[in-house]
Every structure is written in C-alpha cells, then in structure tokens.
Amino acid sequence: LAENISRLATLVGLSDTDCRVLELAVFLHTERMLDDAGTIKAAREFSQGIASFYWVGGGVIQNPDFAWMWDKYRFRDWTPLP
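Residues numbered from 1 in each chain as written. Predicted model: local features only at pLDDT ≥ 70, side-chain atom pairs only at ≥ 80, totals over all residues. Heavy atoms only, no water.

Time to look at the overall build of the protein chain. Looking only at helices and strands, the protein chain has five helices and zero strands in total. Reading the protein chain from its N terminus to its C terminus gives the helix and strand order α-α-α-α-α. Across the protein chain, contacts joining residues at least 24 apart in sequence account for 25% of those joining residues at least 6 apart. Of the roughly 7000 Å² that the protein chain leaves accessible, carbon and sulfur atoms contribute 60%. (Helix = DSSP H or I, 4+ residues; strand = E, 2+ residues; numbered from the N terminus. Contact = heavy atoms within 4.5 Å. Areas by Shrake-Rupley, 256 points an atom, 1.4 Å probe, with all protein chains shown as cover.)

Okay, structure coming up:
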C-alpha cells in the first residue's frame, strides 16, 4: 500500500497529509473491523463526547493495530512526557 500511494503521490502531487488520508480511506474500505457498523457508531459517539469505544490495550508490542497507528499518525517531533 505504501509503495502504491508513494507512486500515486509522485504522479499527482499528493502531500504527506493527503497520503495519510488516502491510506486511511483504503483501510476503511478493505479492513472488516474498520468497516464494522459498531466501530463507526462508537467513533461517531466519541466525536460527540460519548466515550463508548475502547481499543485493546497492550501498547506497540502486544497490539498490531496500536503499532500501526503509532507509526503512521504520531506527530513527527513527538516525545513522551517525563
């Protein structure tokens, strides 16, 4: 996916942000869990301040979904709090 998006970015001039949004759109389309109605409902509720959605814990080592989000959507200059 990353290679294809990189090639597409070169062809049509996508920014890094555009590439990340496109990656998310592809994942939403292809991953069953992300396309699940319950997940979408919970995300909508969360955007309205209703905390009804919790990702499985475990951090980067135990949770591949967390690791993917950590690698793709962390601010570039992010550092952990002391």
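Now, onward.
So, on to the packing of helix α1 (residues 2-12) against helix α2 (residues 16-30). Between α1 and α2, the least distance of the axes is 10 Å, while the angle of their chain directions is 135°. Regarding the angle of α1 to α2, the classification is oblique. Handedness of the crossing formed by α1 with α2: right-handed. From α1, I5, L8 and A9 reach across to α2, where they touch C19, L22 and E23. Classifying every residue of the contact of α1 with α2 by side-chain character gives five nonpolar, no polar and one charged. (Axes fitted to C-alpha atoms, helices over the stretch in contact; angles between N-to-C directions. Parallel < 35°, antiparallel > 145°, perpendicular 65-115°, else oblique. Left-handed = near helix turned anticlockwise from the far one by under 90°. Nonpolar A, V, L, I, M, F, W, Y, C, P; charged D, E, K, R; others polar.)

Let us look at the side chain of E23. Tracing the chain through its elements places E23 in helix α2. Look at E23 and you get buried, because its relative accessible area is 4%. Those residues in contact with E23 that sit more than four places away from it in its chain are L1, I5 and K72. (Buried < 20%, exposed > 50% of the residue type's maximum accessible area, 1.4 Å probe, protein only.)

The next thing to look at is the environment of C19. Locating C19 in the fold gives a position in helix α2. When the C-alpha positions of C19 and L8 are compared, they lie 8.9 Å apart, and in sequence the two are eleven residues distant. If near-sequence neighbours (up to four positions away) are discounted, C19 is found in contact with I5, A9 and L14.

A contiguous nonpolar surface patch, about 330 Å² in accessible area, is contributed by L24, L28, M69 and Y73. Taken together, the elements giving at least two residues each to the nonpolar patch come down to α2 and α5 (64-73). If you trace the backbone, L28 turns up in helix α2. (Patch = residues over 30% accessible without salt bridge, like charges linked within 9 Å, V, L, I, M, F, W, Y side chains within 5 Å. Salt bridge = Lys/Arg side-chain N within 4 Å of Asp/Glu carboxyl O.)

Applying the stated criterion across every chain yields a total of one salt bridge. Note that R20 is salt-bridged to E23, the shortest N-O span being 3.3 Å. Residue R20 and its partner E23 are located together in helix α2, separated by three residues, close to a single helical turn.

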